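What follows is each chain in one-letter form.
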Amino acid sequence: KETNVTKYVKFNDQGLEKSWGSKRIPMSILYEAFIKGDVEFHGDVLETLGHRDEFVCYRPTWSVIFFLIKQLIPIGDLSSSFHDQATTKREIADHYDRGNDFFRGFLGPMMIYTSGVFHGLHQTLEQAQTNKLALLCDKLQLKPKERFLDIGCGWGTLVRFAASQYKADASGVTLSAEGAKWCEQQNREEGVKTNILEMDYRDIPLDKKFHKITAIEMAEHVGLRNFQLFLNRISTLLDDDGMFLMQVAGLRQGASWQDVAWGLFMSKYIFPGADASTPLNWYIHQCELAGFEIRSVETIGRHYSHTLHRWYNNFLDNKTKLAEKYPVTLLRLWEIFLAWSVIAAGQGSATCYQILMHKNTNTFPRDIFCDPKVSGTGVGPT
């Protein structure tokens, strides 16, 4: 279909302009060309993508088809969907160990790479993240001296919060060497005592159980094939009267071609191997198969969109400084990743779920949920 793509896109490559200057450009060709510098947007990337349906289409290209085929071949580096421990460690290192200053450039000083929870859109990113930390601990009814474990703890902010604000005996697990270093440094600077383990979730020692466990936007990286292994590990580590809270970045049921295009972009460029990002029903089924009873589910996808928007603004504010150290292709990739993700989460293509659960046993003390202090704990309508 003919359209004036040049209204929004400046072509630096004459061949691309000849092919796509007057007809809808496939989204995969557009973002690959932007990353390489073969196209520019006439305005702000996020603002321009708000008009994307005027000049893009979502049909798959040969590069997308080839990527999909590679995911089915468990040979060497061809596929990112087969989650042995060596592959997982490499994927985590490739993404999270590129530099703490890079992530601070858009995450801000709290260094939290997961959705916040806003109590009004006037709030700052830091306020939203503090709200989220408190909400997680409150949903878990975390108490002083309880053993708390955060699997996939990133830079350890939740672990330190649980220890300092709720007086928990808090531990975190991360595969990122840079993340572990940051955790230890912040422990010293803040005078907080936590236990940080740099290891795969499959290697967490089984010599003690935990009263409360979280996995905040980590389970997606486990992969579809290993999800029951992951949940069974949680069950083994969890006290029989304990609770597990999993926050996952998922997808809506009944995806459109636009949703698929965004998901494939994320899988190829941002989070290789994070194929356990699914609609809600799959997570619920998997948790129940693993012997858990679901206590509550909340969708915070719109909160994620506003979190991402603040990350995007932070990134733009710090892009010039980041360019002194990091390659322009990485910065272009991150700019379009954050911009497109704001839109995807905002319109429901991508979303985020908080799922609170406990072991499905006859003896679990379910009356704890009847206490008026906790019965209404949640984010409210979203």
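Bear in mind the structure is a predicted one, so any value in this text is a computation, not a measurement.

The rules behind each value
- Residues numbered from 1 in each chain as written.
- Predicted model: local features only at pLDDT ≥ 70, side-chain atom pairs only at ≥ 80, totals over all residues.
- Heavy atoms only, no water.
- Helix = DSSP H or I, 4+ residues; strand = E, 2+ residues; numbered from the N terminus.
- Buried < 20%, exposed > 50% of the residue type's maximum accessible area, 1.4 Å probe, protein only.
- Contact = heavy atoms within 4.5 Å.
- Areas by Shrake-Rupley, 256 points an atom, 1.4 Å probe, with all protein chains shown as cover.
- 1 Å grid on protein atoms, 1.4 Å probe; cavity = no way out; pocket = protein on both sides within 12 Å on 5 of 7 lines; lining within 4 Å.
- Points joined across faces, edges and corners; volume = space filled by probe spheres on them.
- Nonpolar A, V, L, I, M, F, W, Y, C, P; charged D, E, K, R; others polar.
- Pairing = 2+ DSSP bridges.
- Right-handed = clockwise from strand over helix to strand, strands pointing away.
- Salt bridge = Lys/Arg side-chain N within 4 Å of Asp/Glu carboxyl O.
- Phe/Tyr/Trp six-rings, centres within 6.5 Å; stacked < 30°, edge-to-face > 60°.
- Lys NZ or Arg CZ within 6 Å of the ring centre and 35° of its normal.
- Axes fitted to C-alpha atoms, helices over the stretch in contact; angles between N-to-C directions.
- Left-handed = near helix turned anticlockwise from the far one by under 90°.
- Polar contact = N/O pair within 3.5 Å; in protein donor to acceptor, adjacent residues only side chain to side chain.
- Core = buried A, V, L, I, M, F, W, Y, C linked by side-chain atoms within 4.5 Å.

A.B. asks: Honestly, the overall build of the protein in this entry has me stumped. Any pointers?
C.D. replies: The helix and strand inventory of the protein stands at 14 helices and 11 strands. Expressed along its principal axes, the backbone C-alpha trace of the protein runs to roughly 70 × 40 × 40 Å. Put simply, the protein has 382 residues, and 54% of those count as buried. For the protein, long-range pairs separated by at least 24 residues make up 74% of all intrachain contacts whose partners lie at least 6 apart in sequence. For the protein, the accessible surface area stands at approximately 17000 Å², while carbon and sulfur atoms represent 53% of it.

A.B. asks: How should I be thinking about empty space enclosed by the protein in this particular structure?
C.D. replies: Once rolled over the atoms, a probe with the size of a water molecule shows which space is left empty. Applying the stated criterion across every chain, the model contains 2 cavities of 30 Å³ or more. Taken as a whole, the second largest cavity encloses approximately 30 Å³ of empty space. Lining the second largest cavity are Tyr31, Val64, Phe67, Leu264, Phe265 and Lys268. The set of elements that each furnish at least two residues to the lining of the second largest cavity consists of helix H4 (62-71) and helix H11 (257-270). Take the lining of the second largest cavity: its biggest share by element is 3 residues, from H11. Grouping the amino acids of the lining of the second largest cavity by side-chain chemistry returns 5 nonpolar, no polar and 1 charged.

A.B. asks: Honestly, the pairing of strand S6 (residues 169-174) in this entry has me stumped. Any pointers?
C.D. replies: Side chains on a regular strand alternate between the two faces of the sheet. Buried residues dominate S6, accounting for 5 of its 6 residues. Where strand S5 (residues 147-151) meets S6, 5 bridges bridge the pair, whose relative direction is parallel. Residue pairing across strands places Arg147 opposite Asp169, the latter belonging to S6. Note that S6 and strand S7 (residues 195-198) share 4 bridges and pair parallel. Looking across to S7, one finds that Ser171 is bridged to Asn195. Handedness of the crossover is the feature at issue here: the chain leaves S6, passes through helix H9 (residues 177-190), returns alongside S7, and the resulting connection is right-handed.

A.B. asks: How do you make sense of the pattern of salt bridges when you look at a structure like this?
C.D. replies: As a working rule, side chains carrying opposite charge can pair if their charged atoms are close by. Per the counting criterion, the structure on display carries 12 salt bridges. Here Glu178 and Lys181 are joined by a salt bridge, their closest N and O atoms 3.6 Å apart. Taken together, the residues Glu178 and Lys181, both in helix H9 and 3 residues apart, mark about one turn of the helix. Look at Glu178 and you get partly exposed, because its relative accessible area is 23%. Between Asp200 and Arg202 there is a salt bridge; the shortest N-O distance is 2.7 Å. Pair check on accessibility: Asp200 and Arg202 agree, each one buried.

A.B. asks: It is not clear to me how unusual backbone geometry should be interpreted in this structure. Could you clarify?
C.D. replies: Peptide bonds are, in most cases, trans, and in most cases residues other than glycine have a negative phi. At Met111, a residue that is not glycine, the phi angle is positive and equals roughly 55°. Relative to the helices and strands, Met111 is located in the loop between helix H6 (100-107) and helix H7 (125-139). The backbone phi angle of Lys167 is positive, close to 60°, even though this residue is not glycine.

A.B. asks: Teacher, can you tell me more about the packing of aromatic side chains here?
C.D. replies: Two descriptors summarise a pair of aromatic rings, namely the distance from one centre to the other and the angle between the planes of the rings. Summed over the entire model, instances satisfying the criterion amount to 31 aromatic pairs. With centroids separated by 5.2 Å and ring planes inclined at 75°, the aromatic side chains of Phe102 and Trp334 adopt a geometry described as edge-to-face. Of the two residues, Phe102 sits in helix H6 while Trp334 sits in helix H14 (residues 328-347), which places them 232 residues apart along the sequence. For the pair Phe102 and Trp334, a shared accessibility class is recorded, and that class is buried. The structure contains a cluster of three or more aromatic residues connected by ring pairs, namely Phe102, Phe103, Phe106, Tyr113, Trp155, Phe271, Tyr304, Trp311, Tyr326, Trp334 and Phe337. Over the face of the ring belonging to Phe34 we find Arg332, whose NZ or CZ atom lies 4.9 Å from the ring centre.

A.B. asks: Explain the packing of helix H2 (residues 27-36) against H11 here, please?
C.D. replies: Any two packed helices are characterised by how steeply their axes cross, that is the angle between the axes, and by the distance between the axes. As a packed pair, H2 and H11 sit with axes 11 Å apart at the nearest point and diverge in direction by 30°. Here H2 runs over H11; the crossing is right-handed. Together, Tyr31, Glu32 and Ile35 of H2 and Phe265, Lys268 and Tyr269 of H11 make up the contact between the two elements. Split by residue class, the contact of H2 with H11 holds 4 nonpolar, no polar and 2 charged.

A.B. asks: I would appreciate a short explanation of the environment of Thr214 in the present structure.
C.D. replies: In this fold, Thr214 is placed in strand S8 (residues 210-216). With a relative accessible area of 1%, Thr214 lands in the buried category. Sequence-wise, Thr214 and Glu324 are 110 residues apart; in three dimensions their C-alpha atoms are separated by 37 Å. In this view, Thr214 contacts Leu140, Phe148, Leu149, Asp150, Ile151, Leu158, Phe244 and Leu245; residues no more than four positions away in its chain are not counted. Engagement of the side chain of Thr214 in a polar contact is seen with the side chain of Asp150, the distance being 2.8 Å.

A.B. asks: Mind showing me how you'd approach the nonpolar core here?
C.D. replies: Nonpolar side chains in soluble globular proteins tend to be buried together. One finds Phe106, Tyr113 and Trp334 to be the most contacted residues of the largest nonpolar core, which totals 66 residues. The element that contributes the greatest number of residues to this core is H14, accounting for 13 residues.

A.B. asks: Looking at this structure, how should I read the sheet that holds S8?
C.D. replies: What holds strands together in a sheet is hydrogen bonding between their backbones, with the strands either parallel or antiparallel. Across the sheet, which stays open at both edges, the 7 strands sit in the order S7-S6-S5-S8-S9-S11-S10 with mixed pairing between neighbours. With one partner strand each, in any of the chains shown, S7 and strand S10 (292-299) form the two edges of the open sheet. On average, each strand axis in the sheet is inclined to that of its neighbour by 15°, with strand direction left out of account. By the bridge criterion, 6 bridges tie S8 to strand S9 (residues 238-251) in an arrangement that is parallel. Paired with Ile216 across the strands is Gln247, a residue of S9.

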